[in-house]
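# Coordinates in review
Chain residues, written in single-letter form:
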Amino acid sequence: MFRKFMKTTLLTATLLTAASFAAFAQQPDFHRILQRVDELNNFTTDFSAVFTVVSEKPGQDPSVTRAQIFRRDPKKQFLIVILKPDTQKGQGYLQVDNNLWFYDPQSRQFSHSSLKENFQSSDAKNSDFNQQSLAEDYTVAGSSDGKLGIYPVYVLDLKAKNNEVTYPHVKLWVRKDLEIVLKAEDYSLSDRLMRTAYYPNYAKIGDKYFPSRMLFIDNLNTGNKTQITVTDPSIAALPDYLFTKAYLERVNR
Amino acid sequence: MMIALRNLNRQKKRSFLLGGAIAFGILIITLINGFAGSFVNNVSENFSHLFGGQIFIDGFEKSPSGRRISIIRDDSVLTDAIKESGIPTTYITKASSFSGTLIFQNNTAAQQVVGTDWQKASYVRSRLTLVKGSFANMDNPHGIIISDRVAKQLKVELGDTILAQLRTATGQLNVGEFQVAAVSHDPGLFGSIAAYANLQYVNTLLNIRSGDYQTLGIFLTQGENMDVAAAKLYSVLKGKVQMFKRETTTASTNPFTAMQRATQNETWSGTKYRLYTLNDRLAELKQIVGTLNTSGLVILLILLVVIMIGITNTFRMIMYERIREIGTMRALGMQRPTVRNLFLLEALFLSLGGTVLGLIASAIVMTLLHLINFGLNTPLFLLLKDGHMTFDLKAGQLIGNLLIVAVLTILAAYFPARKAARLNPADALRSTH
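Residues numbered from 1 in each chain as written. Chains lettered and ligands numbered in written order. Predicted model: local features only at pLDDT ≥ 70, side-chain atom pairs only at ≥ 80, totals over all residues. Heavy atoms only, no water.

### Brief notes about the overall build of chain B
Secondary structure assignment for chain B yields 14 helices and 12 strands. Whereas a compact globule of 433 residues would reach a radius of gyration of roughly 22 Å, chain B reaches 31 Å, over 25% beyond that. Dimensions along the principal axes, computed over C-alpha positions, put chain B at roughly 100 × 50 × 30 Å. Scored against the burial criterion, the 433 residues of chain B give a buried share of 50%. Pairs at least 24 apart in sequence give 78% of the contacts found in chain B among residues at least 6 apart. Of the side-chain charges in chain B, 42 are positive and 27 negative, and the distance between the mean point of each set is 14 Å. (Helix = DSSP H or I, 4+ residues; strand = E, 2+ residues; numbered from the N terminus. Rg over C-alpha atoms; globule rule 2.2 N^0.38 Å. Buried < 20%, exposed > 50% of the residue type's maximum accessible area, 1.4 Å probe, protein only. Contact = heavy atoms within 4.5 Å. Lys, Arg positive; Asp, Glu negative; His and termini not counted. Charge placed at Lys NZ, Arg CZ, Asp CG, Glu CD.)

If you want it as structure tokens, here you go:
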């Protein structure tokens, strides 16, 4: 009787251990997925495109901003030149190393800006136009499988690795097959949902996928949303002079 | 001298009008000088209550990534230095603050929120006029006092819960919830500093420990001595901890802005402190006072030039009126300089009389204006002392004004006086004027 009980117990324990090992073996490497998401978004070559940013606020007419963007991710350089509206035409954001400068053609002055600041009063942040470093900034604290529309996704719960990352908690919906982000929720330190981002369309350029349409919804100010459409993407080499203050000044003459 | 005084008395109406004109000029300049003199004191005193002191110390750390973090973790070295410096203090305040966005049902307002210990914050209570609610409501840890302008912008009522979007001390985004505990009168130009909350909750939102804070404020027994006291304290602190260099006012920047820039540009390890005074923060006020005083002087000079033209003409007329009298005095042996001095003394007495009259009138007007209670809920409250206009006159300014009036009056009378002195006694006696 005792032997039978022991056998059953051992068998159950063995099966459970094997099952948990199997489950662990099937668990995707989420850190690698984050790295892959970063890789797909970050260009090893130069990149340029035109971004159209449409911001909507309740009771106000939508504001439309068009901007030309130039990126050189390996050197952490990027330049945004505002093309429209006329009142902001010629304003620019230039990142050289870790310094982000804002240029105002009216005053002809450069001032310090930050990737953490909102782009032109929209719900998009300056960092949304730049390369991203999810794998470097976050650890995957939790995960689950889910479905977003017709796509099976990993729902990843990310916690910031240090206390200087803008959003301390981020939730990502990553499409399983292509490992691209379809949706993101950004939370405050007090864990209040601040912003939801949707990436419904991706375009392929070279071996990279980049979101060709993005929708940012402000969850604190109900009704505030910003849609970004990307056109004329190119990975052609860009001249070095683009990433200089002198160019921003010259382009306004 | 007696003749000069008697001459003034001979034409009372004329002397009174001329003296009255001088008195009016003195009245205007004295009021402007007096108001400008009290302007800095009143604004400084009101601000010291709103900011929580006259001398302030901020602590800064640099994160490994180079980010500046505003924090004071252990203030024992600071409090010891205050004792060691021997500066006379009334009390010491501790505060943390953030600049963020207040949100209520899609309405937003940019606002600086100062977290302070409400059990000890009598200094704020004495200068905040509440339109709605009460200070007792601040017992609620999430309580906030906002200005009526911000309340109107957000469309909030007492007890409503508003959101605050801010960045923590290390730059992360955070959202807090506040309940409107009271609505204060908007102190006008400086309304953006008029939101107050509890220190503990502000610390929580900034993600700093409950015992930590960002700014230590010192209330001095004699607030006007803040610069001397700050220099003493700075020299003691410099020997104990890392300190940012104290900057002085330049034409292009004020000391506070210069020190602000230094905290961004310099690199250091550990905690580095910045000491500044209310005068450093309000350096622009000194420029306003300078402008007021210069404007006052220009007004005085314009008034006096007009008055001087009147005096010159009047003395010329007086000379012709007294031409036979001058001839008689000269014929009796009075020398030319004596005749000239007679006129000049008359002018000097006129200016002295006018100045005294002007000062008496100024004292009456200033007393009457001081008696009016404008209350604390006026946009001018920062310029007032407990709701009353005050005037601070410097002896040097008064003496300077008196000298200007005396010199210009004598100058105005000089040419008619010289002409009178040069009259030929025989011609003067023959004159039919």
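### Considering the overall build of chain A
A tally of regular secondary structure across chain A gives 4 helices and 13 strands. Considering chain A as a whole, with its 253 residues, one finds that 43% of them fall into the buried category. A sequence separation of at least 24 residues applies to 44% of the contacts in chain A between residues at least 6 apart. For chain A, the exposed surface amounts to about 13,500 Å²; the carbon and sulfur share of it is 52%. (Areas by Shrake-Rupley, 256 points an atom, 1.4 Å probe, with all protein chains shown as cover.)

### Section: the packing of helix α11 (residues 323-331) of chain B against helix α12 (residues 336-371) of chain B
Residue and element names in this part refer to chain B. Direction vectors running N to C along α11 and α12 enclose 140°, while the axes themselves pass 10 Å from each other. With respect to α12, the element α11 is oriented oblique. The crossing of α11 and α12 is right-handed. Across the interface between the two elements, Ile326, Met329 and Arg330 from α11 touch Arg336, Val339, Leu342 and Phe343 from α12. Residue classes in the contact of α11 with α12 are distributed as 5 nonpolar, no polar and 2 charged. (Axes fitted to C-alpha atoms, helices over the stretch in contact; angles between N-to-C directions. Parallel < 35°, antiparallel > 145°, perpendicular 65-115°, else oblique. Left-handed = near helix turned anticlockwise from the far one by under 90°. Nonpolar A, V, L, I, M, F, W, Y, C, P; charged D, E, K, R; others polar.)

### Observations regarding helix α7 (residues 226-238) of chain B
Owing to its 3.6 residues per turn, the α-helix brings residues three or four apart onto one side. All names here are of chain B. With 13 residues, α7 extends 18 Å between its outermost C-alpha atoms, agreeing within 8% with the 18 Å of an ideal straight helix rising 1.5 Å per residue. Every buried residue of α7 is listed here: Met226, Ala229, Ala230, Leu233, Tyr234, Val236 and Leu237. Across the axial projection of α7, the buried residues extend over an arc of 165°, all falling on one side. In α7, the exposed residues that point more than 90 degrees away from the buried face are Val228, Ser235 and Lys238. (Expected span 1.5 Å × (residues − 1). Arc of directions from axis to C-beta.)

### Observations concerning the pairing of strand β8 (residues 173-184) of chain B
All names here are of chain B. Burial of β8 is extensive: 10 of the 12 residues sit out of reach of the surface. Summarising the sheet, strand β5 (residues 130-133) and β8 pair through 3 bridges and their orientation is antiparallel. Following the sheet pairing, Leu130 is matched in β8 by Ser184. In the sheet, strand β6 (residues 143-147) pairs with β8 via 5 bridges, with the strands oriented parallel. (Pairing = 2+ DSSP bridges.)

### Things to note about the pairing of strand β1 (residues 46-56) of chain A
Residue and element names in this part refer to chain A. Among the 11 residues in β1, 9 count as buried, and that is most of the element. Summarising the sheet, β1 and strand β2 (residues 63-72) pair through 10 bridges and their orientation is antiparallel. Following the sheet pairing, Phe51 is matched in β2 by Ala67. Hairpin connection, β1 to β2: the antiparallel pair is bridged by 6 residues, and Gly59 has positive phi, about 80°.

### Focus on the confidence of the model for chain A
Taken over all residues, the pLDDT of chain A has a mean of 86, while the share at 70 or more is 90%. In this model residues 21-25 of chain A is a low-confidence stretch, pLDDT under 50, and it forms 0 contacts with partners more than four residues away in sequence or in other chains. (pLDDT = per-residue confidence, 0-100.)

### Some details on the interface of chain B and chain A
If you look at the interface, chain B gives 18 residues, while chain A gives 20 residues. With both chains or domains summed, chain B and chain A bury close to 1,600 Å², and 48% of this area falls on carbon and sulfur atoms. For Glu177(B), the salt bridge is made with Arg192(A), and the minimal N-O distance between the two is 2.3 Å. Listing elements by their share of the side of chain B that touches chain A, those giving two or more residues are β7 (161-167) and β8 of chain B. At 4 residues, β8(B) tops the list of elements feeding residues into the side of chain B that touches chain A. Looking at side-chain class alone, the side of chain B that touches chain A contains 4 nonpolar, 11 polar and 3 charged residues. (Buried area = accessible area lost by both parts, 1.4 Å probe. Salt bridge = Lys/Arg side-chain N within 4 Å of Asp/Glu carboxyl O.)

### Re the environment of Lys204(A)
All names here are of chain A. Here Lys204 shows up in strand β11 (residues 193-205). Overall, Lys204 belongs to the exposed group, its relative accessible area being 54%. Taking the C-alpha atoms as reference points, Lys204 and Glu249, separated by 45 residues in sequence, lie 33 Å from one another.

### Section: the confidence of the model for chain B
Caution applies to low-pLDDT regions: their predicted coordinates should not be interpreted in detail. All names here are of chain B. When pLDDT is averaged across chain B, the result is 84; 93% of the residues are at 70 or more. Mean pLDDT across the elements of chain B bottoms out in helix α1 (residues 2-10) (71) and peaks in helix α6 (residues 199-206) (96). The ipTM value of the predicted complex is 0.81, and its pTM value is 0.73.

### Quick look at the nonpolar core
Of all hydrophobic cores here, the largest spans 47 residues; its most connected members are Ile80(A), Phe129(A), Leu156(A) and Leu172(A). Discounting residues that sit within four places of it in the chain, Phe129(A) has contacts with Phe51(A), Val53(A), Ile69(A), Arg71(A), Ile80(A), Phe119(A), Ala124(A) and Ile228(A). Listed in part, the 32 residues of the second largest apolar core include Ile26(B), Ile318(B), Ile323(B) and Leu344(B). (Core = buried A, V, L, I, M, F, W, Y, C linked by side-chain atoms within 4.5 Å.)

### Some words on a nonpolar patch on the surface
A cluster of nonpolar side chains, namely Val356(B), Ile360(B), Ile364(B), Leu368(B) and Leu371(B), defines an oily patch on the protein surface of about 500 Å² accessible area. By the secondary structure assignment, Ile364(B) is in helix α12. (Patch = residues over 30% accessible without salt bridge, like charges linked within 9 Å, V, L, I, M, F, W, Y side chains within 5 Å.)

### Some thoughts on the pattern of salt bridges
Following the criterion strictly, the structure yields 20 salt bridges over all chains and no others. For the salt bridge of Arg72(A) with Asp240(A), the shortest nitrogen-to-oxygen distance reads 2.7 Å. Of this pair, Arg72(A) sits in strand β2 while Asp240(A) is found in the loop between β13 (225-234) and α4 (245-251), placing the two residues 168 residues apart along the sequence. Given the relative accessible area of 10%, Arg72(A) is considered buried. Residue classification places Asp240(A) among the exposed positions, given a relative accessible area of 56%. The residue Asp280(B) makes a salt bridge to Arg246(B) at a minimum N-O spacing of 2.6 Å. Residue Asp280(B) is found in helix α9 (residues 278-281), and its partner Arg246(B) is found in the loop between β11 (242-243) and α8 (255-265); the two are separated by 34 residues along the sequence. Given a relative accessible area of 7%, Asp280(B) falls into the buried group. Looking at Arg246(B), the relative accessible area reads 22%, which means it is partly exposed. Where salt bridges share partners, they join Glu61(B), Arg73(B), Arg209(B) and Asp212(B) into one cluster.

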